[in-house]
Amino acid sequence: SLKMSQYSFFYFFLISLFLYENCIAYRYTFTVIEAPYSKLCSTKKILTVNGQFPGPVLRAYKGDTIYVNVRNQASENITLHWHGVEQPRNPWSDGPEYITQCPIQPGSDFTYKILLSIEDATVWWHAHSSWTRATVHGLIFVYPRPPDTLPFPEPDYEVPLVFGEWWKRDVREVVEDFMRNGGEPNVSDALTINGHPGFLYPCSQSDTFKLVVEKGKTYRIRMVNAAMNLILFFAIANHKLTVVAADGHYTKPLTASYITISPGQTLDLLLYADQSPESTYNMAARAYHSNPNVGFNNSTTVGILRYYSSNDAGTSSSERYPYLPGYNDTSAAFDFFTKIKGLYSRVAPAKVSRRIITTVSINLLKCPNDSCAGPNGSRLAASMNNISFVTPSHVDILRAYYLHINGVYGTRFPEFPPRIFNFTADDQPLFLQTPRLATEVKKFQYGETVEIVIQGTSLVGGGIDHPMHLHGFSFYVVGLGFGNFNARKDPSNYNLDDPPYRNTATVPRNGWIAIRFVADNPGVWFMHCHFDRHQTWGMNVVFIVKNGIKPNQKILPPPPGLPPCDQFENL
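Residues numbered from 1 in each chain as written. Predicted model: local features only at pLDDT ≥ 70, side-chain atom pairs only at ≥ 80, totals over all residues. Heavy atoms only, no water.

The name an unreviewed UniProt entry assigns to the protein is laccase, from the organism Thlaspi arvense. One UniProt comment on the protein, placed under Subcellular location (unreviewed entry), says "Secreted, Extracellular space, Apoplast". In its Cofactor (unreviewed entry) section, the UniProt entry covering the protein states "Cu cation". (UniProt positions renumbered as here; feature names shortened; annotations may be inferred.)

## As for the pattern of salt bridges
One pass over the structure, following the stated rule, counts 26 salt bridges. For Arg133, the salt bridge identified is with Asp532, shortest N-O distance 2.8 Å. Of this pair, Arg133 sits in the loop between strand S7 (123-127) and strand S8 (137-143) while Asp532 sits in helix H6 (residues 532-537), and the two are 399 residues apart along the sequence. Here the two residues Arg133 and Asp532 agree in accessibility, since each one is buried. With its nearest N and O atoms 3.2 Å apart, the salt bridge here joins Lys339 to Asp335. (Salt bridge = Lys/Arg side-chain N within 4 Å of Asp/Glu carboxyl O. Helix = DSSP H or I, 4+ residues; strand = E, 2+ residues; numbered from the N terminus. Buried < 20%, exposed > 50% of the residue type's maximum accessible area, 1.4 Å probe, protein only.)

## Some remarks on the sheet that holds strand S25 (residues 441-444)
The strand order S25-S33-S32-S27-S30 describes an open sheet built from five strands, whose pairing is mixed. The sheet terminates laterally at S25 and strand S30 (504-507), the two strands that pair on one side only. With direction set aside, neighbouring strand axes in the sheet form an average angle of 20°. As defined by bridge partners, strand S27 (residues 466-470) adjoins strand S32 (residues 523-529) across three bridges and the pair is classed as antiparallel. Bridge pairing in S32 places Leu470 opposite Met527. (Pairing = 2+ DSSP bridges. Axes fitted to C-alpha atoms, helices over the stretch in contact; angles between N-to-C directions.)

## Some thoughts on the nonpolar core
Formed by 106 residues in total, the largest nonpolar core has its most connected members in Met223, Phe234, Leu267, Phe336 and Met527. If we ignore the near neighbours within four places in the chain, the residues touching Phe336 are Val243, Leu254, Ala256, Tyr258, Ile259, Thr260 and Leu267. Formed by 46 residues, the second largest nonpolar core is a distinct cluster that contains Ala60, Ala74, Ile114 and Ile544. (Core = buried A, V, L, I, M, F, W, Y, C linked by side-chain atoms within 4.5 Å. Contact = heavy atoms within 4.5 Å.)

## Digging into the confidence of the model for the protein
Detailed reading of the predicted coordinates is not advisable wherever pLDDT is low. On average, the protein scores 94 in pLDDT, and the residues at 70 or more come to 94%. With pLDDT under 50 throughout, residues 1-20 is counted as low confidence; its partners more than four residues away or in other chains account for two contacts. (pLDDT = per-residue confidence, 0-100.)

## Quick look at the state of the cysteines
The full count for this structure, using the stated rule, is three disulfides. One disulfide bridge connects Cys367 with Cys372, the sulfur atoms lying 2.0 Å from each other. Across the disulfide from Cys367 to Cys372, rotation about the S-S bond amounts to roughly -90°, and the bridge is consequently left-handed. Along the protein, the cysteines that take part in disulfide bonds pair up as 1-3, 2-6, 4-5, counted in sequence order. (Disulfide = S-S within 2.5 Å.)

This is how it looks when you write it as structure tokens:
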């Protein structure tokens, strides 16, 4: 009947609307190719996605699925990681090389399935093999799914802002050199804003990022620190910035005259164009660096903010520079970090079923005839709980776990530092500097509530900050302190009301952080320092979350076309 067909059409319309609103899948092609770029008076070929540096922005609504077909047309292996995306039950597409996959070899391709779930704001993607992320990275813009709205006023425009580091040399050579000689890597030659060093560097007058704004409008800056080894301060002259999200999760609004951002972290900031249009306002970023014994790039990258009606060239009399804290101003850096609070209250786990305490240290390994470039002819290394992580080289840990391949990893990562000493003392016995080389993981039962206390140490040169990143989860940063963690006293000062919900948190030099999360994402998940030199040296661990009982608590089956591993057939 007509009435029945009308009902049928109506239900078809509802089902179509439901599918449209709940199951949108976006498809992108990322071609990894080498492309020539000229900076700092010289030209070199760099690894890029689609010839772009920084790489393309991905856009999606909360809960969407994104498929990215990565075609490797370069001359080296590549993997990609979707940083801040929890990938529920889907470690197969998480990306770290030889942790959750073998690399995509030159001439091959692989399609990543990116499952957005609880991410609300800006996250990002980057290469996760050797140091290829130096130029292979980009942002992911997540939007609220209608009818949901933003918890802050809708901005008029949004602006991507990516910090990076640039080496005049081929980054592969930088890596090969320090891995061979055992010393520190060469520091970068410039910092960049959206790929531009800025006019303070040689040959860079025209290679300066410019943001043109309209008086009275609001701009949402979607920011990531994609630098390899530097925590950064950033500010815009005469303009305050309001933080509204960090690491893809909303925060209570925080208005600040400068921000601090560690490698791997993202921030969503509101910029109000409320100053005189007659002036030109410079923005600037430079390093926060707490240990003068460790070399670092202490230059400044500058961009220009001007209003539509202002003189394009800008004159020195109307040019404003921002105030930035001093490079070693620890109180300024951590004052900003600790002022960031989660938007929602009383959501952090109040009780935990498993507490792990781990040290993060720089270490030394003895070299034959003291022939290496580290201190006293030794080789620099790094560790967690005195284990310097050895990454497998023939098969990834996820595949070994899923297929029950023996001999790839051990399961004895300690829950407590194997050596107890005054972790932050000025002078340390030399025997404490030598780590154990091993591939050790830690297994969790599904649904465990975990607390991890990460304790910095002063071993080898007096310690430094460590931005620690956990794959597969966000976590509540419930505690932070300087000196040695006191298990009896410090937990009473935890913020369990509105801690920030992050995926990358910075351990202060010779201090500690405490994080909490529920281990409800089955799979193999990497945790590491996001200073790439420390990751290369072994400041890493792998967590394996076992399957739960219900079907939706188990790892998804492996996707088709996983890159093959040496000596192993494709899954």
